[in-house]
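# Structural characterization, general
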Amino acid sequence: QVQLVESGGGLVQAGGSLRLSCVASGRTFSSYVWFRQAPGKEGEFVAAISWSGGSTRYADSVKGRFTISRDNAKNTVYLQMNSLKPEDTAVYYCAARRFGLVATKEYEYDSWGQGTQVTVSS
């Protein structure tokens, strides 16, 4: 059974940090991505990483503040979020694809986690 399980969300003050984790099981994946969805808004690409970790992509809104990484031995991908802002408040979803390079569109990923809430207070 393919499963992605996120953790690490929570409530933090503006300027603070959180690290999200996504543990995969049931399959190996070529690339992972983090999306987020704020209330009343469409889903937004945040960051993506290739199998080797050598290729990463970030949304302009998080460049320089967020870092995506992965530990293949642990089947885990991380999202280190620093200098958080209230506009980062959203449910963060981990997704993965079995084949292919990093991508930024939701439809390109076929395995999804349940999401973890991140709330940044001002």
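These numbers were taken from a predicted model, which means no experiment stands behind them. (Residues numbered from 1 in each chain as written. Predicted model: local features only at pLDDT ≥ 70, side-chain atom pairs only at ≥ 80, totals over all residues. Heavy atoms only, no water.)

Let us now look at the state of the cysteines. Counted by the stated rule, this structure contains 1 disulfide. Covalent S-S linkage joins Cys22 and Cys94, the inter-sulfur distance amounting to 2.1 Å. Of note, the bridge from Cys22 to Cys94 carries an S-S torsion of about -75° and is left-handed in sense. Of this pair, Cys22 sits in strand β3 (residues 18-25) while Cys94 is found in strand β9 (residues 90-97), placing the two residues 72 residues apart along the sequence. Taking relative accessible area as the criterion, Cys94 reaches 0% and is therefore assigned buried. (Disulfide = S-S within 2.5 Å. Helix = DSSP H or I, 4+ residues; strand = E, 2+ residues; numbered from the N terminus. Buried < 20%, exposed > 50% of the residue type's maximum accessible area, 1.4 Å probe, protein only.)

Okay, the nonpolar core next. In this structure, Tyr32, Trp34, Leu79, Met81 and Tyr92 are the most contacted members of the largest nonpolar core, which totals 35 residues. Those elements giving two or more residues to this core turn out to be β3, β4 (31-37), β5 (44-50), β7 (66-71), β8 (76-81), β9 and β11 (116-121). In contact with Tyr92, other than residues within four places in its own chain, are Glu6, Leu20, Trp34, Phe35, Arg36, Val46, Phe66, Leu79, Met81, Gly115, Thr116 and Val118. (Core = buried A, V, L, I, M, F, W, Y, C linked by side-chain atoms within 4.5 Å. Contact = heavy atoms within 4.5 Å.)

The subject of this paragraph is the environment of Gln114. Residue placement: Gln114 occurs in the loop between β10 (111-112) and β11. Look past the residues within four positions of Gln114 in its chain and what remains in contact with it is Leu4, Val5, Glu6 and Tyr93.

As far as function goes, none of this settles anything; it's purely spatial.
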